[in-house]
Amino acid sequence: MKPGFLPEGPALLIKRTRSILVIADIHLGVESALDRRGWHFKSSTDERLSRIVTCIEETDPEILLILGDLKHSVPQVTWQEHTEIPKVLDAIRKRVDIRLLPGNHDVGIERYMEDEEILPKNGTVIDGTGYLHGHTYPSPELNGHLILAGHHHPVLHLYDEVGCSLRGNPAYLLSEVDEGILRMEPTGTPTRLLLVPAFYEYAGGIDIRTIPESGISPLSKSIRIETAEVFLPDGTYIDTLGSLRSDLNNRPSG
């Protein structure tokens, strides 16, 4: 199985016997949270929905699977979220079935979704691939599978010749994991992890080189650096994680 990369998402199409479109970390309602901090932005929910619809129309999947953080504010549901989430979900339901792996920002999301649309927060296996948001220990059910996770907002920072960071580009990280750290029993088949970048366009994120030390999740701690590889949103292979970390450590200071 080779994922289909959709850079306009970023999104992935996972296709075996079923066709599953995967996105992560939409963070609907984030603008109201930023507004409370003094940063005023017009809602970009319509734009995000347009990108979701484009990905659906391009791939014609059976399921749209959201790897958590559909909404943004915790622990409350803001008025913006209460107003916009139903419109987004209704627009998607007209085109495809929805499934959500609840994330740490999805407090209260149950009121807007059908029971069958919400999957276990510690993950599940669908058609041979594991899925979860990524902030919890994964279910033992995911052991020995490829696991797709959100939560980490991976980005690849580019640097100029004097070592100044230019920008962060969304990126994917593919790696084997240490099952012991994840409280899993080795099965003889390596468990692999694919970190999916955030769909929210201003999410920022963690430099992919530093995710193993970030402590953001059990998954981050379990990454086997020696097997890890980095890809751009269109699937372009960049380099091994070890090589990128070496470049970071050797770049000029100041």
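Relevant structure appears above.
Residues numbered from 1 in each chain as written. Predicted model: local features only at pLDDT ≥ 70, side-chain atom pairs only at ≥ 80, totals over all residues. Heavy atoms only, no water.

Caption draft 1: View of the overall build of the protein chain. Per the secondary structure count, the protein chain includes six helices and 15 strands. In terms of overall size, the protein chain behaves like a compact globule, its C-alpha atoms giving a radius of gyration of 18 Å where 254 residues would be expected to give roughly 18 Å. Dimensions of the protein chain along its principal axes, counting C-alpha atoms only, are 50 × 45 × 35 Å. The buried share of the protein chain, reckoned over its 254 residues, is 52%. Residue pairs at least 24 apart in sequence account for 66% of intrachain contacts in the protein chain once pairs closer than 6 positions are excluded. Surface exposure of the protein chain reaches about 11,600 Å², of which carbon and sulfur atoms provide 50%. Counting 25 positive and 37 negative side-chain charges, the protein chain places the averaged centre of each group 2 Å from the other. (Helix = DSSP H or I, 4+ residues; strand = E, 2+ residues; numbered from the N terminus. Rg over C-alpha atoms; globule rule 2.2 N^0.38 Å. Buried < 20%, exposed > 50% of the residue type's maximum accessible area, 1.4 Å probe, protein only. Contact = heavy atoms within 4.5 Å. Areas by Shrake-Rupley, 256 points an atom, 1.4 Å probe, with all protein chains shown as cover. Lys, Arg positive; Asp, Glu negative; His and termini not counted. Charge placed at Lys NZ, Arg CZ, Asp CG, Glu CD.)

Caption draft 2: Representation of the side chain of E117 in the model. The topology assignment puts E117 in the loop between β5 (97-100) and β6 (124-126). For E117, a relative accessible area of 6% puts it in the buried group. A polar side-chain atom of E117 sits 2.8 Å from a polar atom in the side chain of R93. Apart from the residues lying within four places of it in its own chain, the contact partners of E117 are R93, I98, R99 and L100. (Polar contact = N/O pair within 3.5 Å; in protein donor to acceptor, adjacent residues only side chain to side chain.)

Caption draft 3: View of the pattern of salt bridges. Taken as a whole, this structure holds nine salt bridges when the rule is applied. A salt bridge links R93 to E117; its shortest N-O distance comes to 2.8 Å. Of this pair, R93 sits in helix α3 (residues 79-93) while E117 is found in the loop between β5 and β6, placing the two residues 24 residues apart along the sequence. The shortest N-O distance in the salt bridge between R209 and D207 comes to 3.1 Å. In this structure D207 comes out as buried when scored by relative accessible area, which is 8%. One network of salt bridges, in which partners are shared, links E47, R48, R51 and E201. (Salt bridge = Lys/Arg side-chain N within 4 Å of Asp/Glu carboxyl O.)

Caption draft 4: Region of interest: the sheet that holds strand β1 (residues 4-6). One open sheet accounts for five strands, arranged β1-β2-β3-β4-β5; its pairing is mixed. Each having just a single partner strand, β1 and β5 make up the two edges of the open sheet. Sheet twist, expressed as the mean angle between neighbouring strand axes with direction ignored, is 25°. As judged from the four bridges shared by strand β3 (residues 19-23) and strand β4 (residues 63-66), these two strands associate in the parallel manner. In the strand pairing of β4, I23 is matched with I66. (Pairing = 2+ DSSP bridges. Axes fitted to C-alpha atoms, helices over the stretch in contact; angles between N-to-C directions.)

Caption draft 5: Examining α3 more closely. Relative to the 21 Å expected for 15 residues at 1.5 Å per residue, α3 spans 22 Å between its end C-alpha atoms, a close match to the ideal helical length. What α3 keeps buried is the set Q80, E81, E84, I85, V88, L89, A91 and I92. (Expected span 1.5 Å × (residues − 1).)

Caption draft 6: Fine view of the side chain of S139. As for its placement among the helices and strands, S139 is situated in the loop between β7 (129-132) and β8 (146-149). Using a relative accessible area of 10% as the deciding quantity, one classes S139 as buried. If we ignore the near neighbours within four places in the chain, the residues touching S139 are N122, G123 and M184.

Caption draft 7: Inspection of the packing of aromatic side chains at higher detail. In the structure shown here, the tally under the stated rule is three aromatic pairs. Note on F5 and Y172: the rings are 5.2 Å apart at their centroids and 80° apart in plane angle, and the pair reads as edge-to-face. Separated by 167 residues along the polypeptide, F5 in strand β1 and Y172 in strand β11 (residues 172-176) bring together distant segments of the chain. Since its relative accessible area comes to 0%, Y172 is described here as buried. Ring geometry for F5 and F231: centres 6.5 Å apart, planes at 25°, overall stacked. With a gap of 226 residues between them, F5 in strand β1 and F231 in strand β14 (residues 229-231) connect regions that are remote in the sequence. Since its relative accessible area comes to 24%, F5 is described here as partly exposed. Given a relative accessible area of 15%, F231 falls into the buried group. The rings of F5, Y172, F231 and Y237 are connected pair by pair, giving a single aromatic cluster. (Phe/Tyr/Trp six-rings, centres within 6.5 Å; stacked < 30°, edge-to-face > 60°.)

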